[in-house]
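Letter by letter, the chains look like this.
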Amino acid sequence: MPMTEPAPPLLGSWKRLYALVLGELLLCILLFRLFSWAFS
Amino acid sequence: MSRLDWFVLASALLFVVLWGLWKGRGATTGEGYIGGGRDHRWWLIGLSIIATQTSAITFLSTPGQAYVDGMRFVQFYFGLPLAAVVLSVTLLPLYHRLKVSTAYELLEARFDLKTRLLAAILFLIQRGLAVGLTIFAPALVLSVLLGWSLHVNILIVGVLVMIYTVTGGTKAVAWAHSSQMVIIACGMLLAGVMTAHRLPAEVSFGDALHVAGGLGRLNVIDTHFDPNNRYNLWSGLIGGFFLMLSYFGTDQSQVQRYLAGSDLTQSRLGLLMNAMIKVPMQFLILLLGALVFVFYQFHAPPLFFNPGPVKQVLAGPDAAAYRATEAKFAQARTSQSRKAEAYVSARHSGDAASIAAAKHQLSQSHAESEAIRREGLALIEKANPGTNPSDTNYIFLAYVLSSLPVGLVGLVIAAVFSGSMSSMSGEISALGATTVVDLWRRLVGGSQGQREVWVGRIATFAWGCFAMAFAEYAARLGSLIEAVNILGSLFYGTILGIFITAFYVKRVRGGTAFYAALVAEVGVLACFKFTAISFLWYNLIGCAAVVLLAWAFSFFQPRQALPEGEPAT
């Protein structure tokens, strides 16, 4: 990524925003697994 | 439908068209018409991306999928956030730096004209055919359940979409998408709340989830690896990743949405917004389907939700046998309802042994009902040879029409129309843009002024007419429809492979990528024809084949300096 690239409006850097997106996916998978287990 | 339902439906659709027309007015250049003026904010881009991929059949079929098969379909979308992050880092900056109008322009800068044209034409073929099905499938469901004419349905959707898409281009499409997403969200949310509300008074939301889970409908995550199993964690994460990478990175119907962003930041945020919303959204739609399944544990469902094939059986020699199976099924379901009530009562008692016994009895009763249903399906299949006896797409709308209150029925049907219109508008707009930018502008030439706006309008109109004509023809395709449905995966892998080669295999030049793509495409088509591999894996196979073949072929290409301005990797 070029050095001049502006930061996103939240979290301060794109890396953190990407981590948020991937973290949410991981959380969803864990919660879905828990959901399946809790109601099966 | 009641007058109130008609009023809600007509008002919603009229608003979408007028809103799109109003917000999309004023395109005076080709760039303004195709690029939407490049002033869209992230939330508009995000809504437009979601709306383009949310066709009517997505949310007609998805609750039905949960009803029949459980919630594991959500795993299909697990590759999306991964793909969105990869695209935000790699392709989006490049698209913005080169100020391209279509994804395929990039390939000429890196390879040559014929590789660009190959990718553009593959897109036009697969998307051009798919857009017809986008409007045909929901029109068929509506015509069967509501008794409306299939042709009138197709005509209404097609004409409404073309009014604002042909007139206003990308900007009109994006703003119409925002209103369509509001209608879809309201319709689905209210349907979900009302479904939970319509369960028997003694059945709480938690009880409903235990009933659904006890009968195998809350199986969200399947970690067992099986390449022939369409929906599991691994096919979603790996196969889905490549599918989403190709769809969001190289399919013009999506690329056009985020290229309309005012800058790279807005485009990225729009794509990431979609990545964060899509998985929970699909989960909620599937949960709605699971709730409909629970609803029918306490109310009698029909043996088969699609009345069309049932009429065929009742008109044939197996009518008596089918009637007898229906009666047997009704009796079994009455018994199953009592077992479901007993299970809920046992849960309220808190006695573990009673709960286990009641759950076992409910499962057994459900298995008996399913066995009878399979007998009915066999009769339907016999009376409708060559067709797939599936009523998945009909379950949700049949439930809405029979069980939801006046007004909400109109809103849900408006949501179905909105879904149909949103995907069709995004797709014909992209088909028009690719025709203008990659074929007309590149091969015929011309200015990007008012003349190009009119060429864009004619191309978009022509693709809209083609979509409607194909939708009419689709009624005669029968079982071939399923093959057309997986068309995307047959081509996406190859297109993605060309783009990945462009990025990461620097030694490959023009003709080499072109011939590698041709050979890989033949390989993917051979996999489809001769193997049982699930279609999601075609994306990986096609992509890997292009990259590996291009790399291998590059050792035989003439030595030549790398062209200047090659994309950085």
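From a predicted model like this one, the values you see are computed outputs, not experimental measurements.

## Section: the domain arrangement of chain B
Residue and element names in this part refer to chain B. Here chain B is described as being made up of domain 1 (3-295 + 403-476), domain 2 (307-390) and domain 3 (486-569). Counting residues at the interface gives 32 residues for domain 1 and 30 residues for domain 3. Mapped onto the side of domain 1 that touches domain 3, the elements with two or more residues apiece are helix H7 (105-110), helix H8 (113-146) and helix H11 (233-250). The element that contributes the greatest number of residues to the side of domain 1 that touches domain 3 is H11, accounting for 11 residues.

## What about the interface of chain A and chain B?
Size of an interface: often given as the accessible area lost when the parts come together. The interface of chain A with chain B comprises 17 residues on the first partner and 22 residues on the second. Class assignment for the residues of the side of chain A that touches chain B results in 13 nonpolar, two polar and two charged.

## A closer look at the packing of H11(B) against helix H23 (residues 536-553) of chain B
All names here are of chain B. Where H11 meets H23, the closest approach of the two axes is 8 Å, and the angle between their N-to-C directions is 65°. The element H11 and its partner H23 pack so that their crossing is left-handed. From H11, Ser235, Ile238, Gly239, Gly240, Phe242, Leu243 and Ser246 reach across to H23, where they touch Leu536, Trp537, Asn539, Leu540 and Cys543. Looking at the contact of H11 with H23, its residues break down into seven nonpolar, five polar and no charged.

## Concerning the environment of Gly128(B)
Residue and element names in this part refer to chain B. Looking at the secondary structure, you find Gly128 in helix H8. Residue classification places Gly128 among the buried residues on the basis of 20 C-beta atoms within 10 Å. Considered as a pair, Gly128 and Trp463 are 335 residues apart in the sequence and their alpha carbons are 7.3 Å apart. Contacts of Gly128, omitting those with residues within four sequence positions, involve Leu431, Trp463 and Phe466.

Scoring rules and cut-offs
Residues numbered from 1 in each chain as written. Chains lettered and ligands numbered in written order. Predicted model: local features only at pLDDT ≥ 70, side-chain atom pairs only at ≥ 80, totals over all residues. Domains from an automatic or database assignment. Contact = placed C-beta atoms within 7 Å. Helix = DSSP H or I, 4+ residues; strand = E, 2+ residues; numbered from the N terminus. Nonpolar A, V, L, I, M, F, W, Y, C, P; charged D, E, K, R; others polar. Axes fitted to C-alpha atoms, helices over the stretch in contact; angles between N-to-C directions. Left-handed = near helix turned anticlockwise from the far one by under 90°. Buried ≥ 20, exposed ≤ 12 C-beta atoms within 10 Å, placed from the backbone.

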